[in-house]
Amino acid sequence: MKNLYVLRHGLTEYNKGKKFQGRANPPLIEEGLQQAQNLAGVFEDVPFESIYCSPLERAVQTATPLAESKNLKIRFNEKLIDRDLGGLTGKSYEDIDDVELYLLNRGLEQEVKGLESVEDVHKRAQEFLEQIIETEEENSVVVTHSPIIQSFCKIVFGNEPRQYNAQYVLIPGEFHYFELNKDRTLIRFKLKATEAPE
């Protein structure tokens, strides 16, 4: 059995300014740092044994208060890094009705130079899940980015990589909870959580 708490990093200036972030590396703004501190409080009584994290600064800053509160070392994993948005990075998405749905468009990958495919992101997420399921730890926190988080959900719920579900999309500072068997079958879950499940 594996309990996974999958967190989206806290708020950055790119999030606030509605800009495509991808592999850009902005730090958390003050609100994001407070979200990170709040998450450490939420997980105060959760006995997790490990924290896995994207190497990007916004994820590291989100994971740090959690790691310090449990006296754990952050385990960085390149598979958890954000989707490479290529030529979209830094551009505004203010005029796009649903940015997550927009990014799933297959035609976009032909239009935008350097844009990582949805399938490649999904593959990274799947490889990470397979690795973590095999560990002996029962309780793990994962701090990562929206495309990876959505891929985790699609894998767990058996959806196709380009299938869209708004319930899978977290705002900065939220998390999903999954209790999984070794074969990745779902025992229970809580999406868009703000408090640790009992």
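Residues numbered from 1 in each chain as written. Predicted model: local features only at pLDDT ≥ 70, side-chain atom pairs only at ≥ 80, totals over all residues. Heavy atoms only, no water.

J.: How would you explain the packing of helix 2 (residues 30-42) against helix 3 (residues 57-70) if you had to name every residue and give the values?
T.: Axis separation between helix 2 and helix 3 bottoms out at 8 Å; the angle between their running directions is 35 degrees. Viewed along their axes, helix 2 and helix 3 form a crossing whose handedness is right-handed. Residues L33, A36, Q37, L39 and A40 of helix 2 form the contact with helix 3, whose participating residues are Q61, T62, P65 and L66. Taken together, the residues of the contact of helix 2 with helix 3 break down into six nonpolar, three polar and no charged. (Axes fitted to C-alpha atoms, helices over the stretch in contact; angles between N-to-C directions. Helix = DSSP H or I, 4+ residues; strand = E, 2+ residues; numbered from the N terminus. Left-handed = near helix turned anticlockwise from the far one by under 90°. Contact = heavy atoms within 4.5 Å. Nonpolar A, V, L, I, M, F, W, Y, C, P; charged D, E, K, R; others polar.)

J.: I'd like a description of the sheet that holds strand 3 (residues 74-76), backed by residues and values.
T.: An order of 3-2-4-1-5-6 is seen for the six strands of this open sheet, with the pairing classed as mixed. Only two strands of the sheet have a single partner each, and these edge strands are strand 3 and strand 6 (186-193). Across the sheet, the axes of successive neighbouring strands diverge by a mean angle of 20 degrees, strand direction being ignored. Across three bridges, strand 2 (residues 50-53) lies against strand 3 in parallel orientation. Bridge pairing in strand 3 places C53 opposite F76. Contacts between helix 7 (residues 146-157) and the sheet are confined to strand 1 (2-8), strand 4 (139-144), strand 5 (175-180) and strand 6, with strand 5 contributing the most and set at about 30 degrees to the helix. (Pairing = 2+ DSSP bridges.)

J.: Let's hear about the layout of surface pockets: which residues, and what values?
T.: In this structure, the largest pocket spans a volume of roughly 650 Å³. Forming the walls of the largest pocket are 35 residues, and the residues nearest its centre are R8, V99, E100, L103 and S146. Breaking the lining of the largest pocket down by element, the ones donating at least two residues are helix 4 (99-103), helix 6 (118-133) and helix 7. Top element by residues in the lining of the largest pocket is helix 7. It accounts for five residues. (1 Å grid on protein atoms, 1.4 Å probe; cavity = no way out; pocket = protein on both sides within 12 Å on 5 of 7 lines; lining within 4 Å. Points joined across faces, edges and corners; volume = space filled by probe spheres on them.)

J.: Requested: an account of helix 3, with residues and values cited.
T.: Over its 14 residues, helix 3 runs 20 Å from end to end, which matches the ideal 20 Å to within 8%, given 1.5 Å per residue. At A63, helix 3 shows its maximal kink, close to 30 degrees; a proline, P65, follows between one and four residues later. Within helix 3, burial applies to R58, A59, V60, T62, A63, P65, L66 and A67. Packing partners of the buried residues in helix 3 comprise strand 1, helix 2, strand 2, strand 3 and strand 4. Backbone geometry just after helix 3 places N71 at a positive phi near 55 degrees. (Expected span 1.5 Å × (residues − 1). Bend = angle between axes of the 7 residues up to and from the residue. Buried < 20%, exposed > 50% of the residue type's maximum accessible area, 1.4 Å probe, protein only.)

J.: Got a sec to walk through the state of the cysteines? Specific residues and values, please.
T.: Applying the stated rule across the entire model yields zero disulfides. Left without a disulfide partner, C53 is nearest to the cysteine sulfur of C153, which lies 18 Å away. A residue is classified by how much of its surface remains accessible, and C53, at 0% relative accessible area, is buried. (Disulfide = S-S within 2.5 Å.)

J.: Which residues make up unusual backbone geometry, and what are the values?
T.: The backbone phi angle of N71 is positive, close to 55 degrees, even though this residue is not glycine. Here N71 lies in the loop between helix 3 and strand 3. Overall, the relative accessible area of 74% leaves N71 in the exposed class. Non-glycine residue K192 carries a positive phi angle of around 55 degrees. With respect to the helices, strands and loops of the structure, K192 is situated in strand 6.

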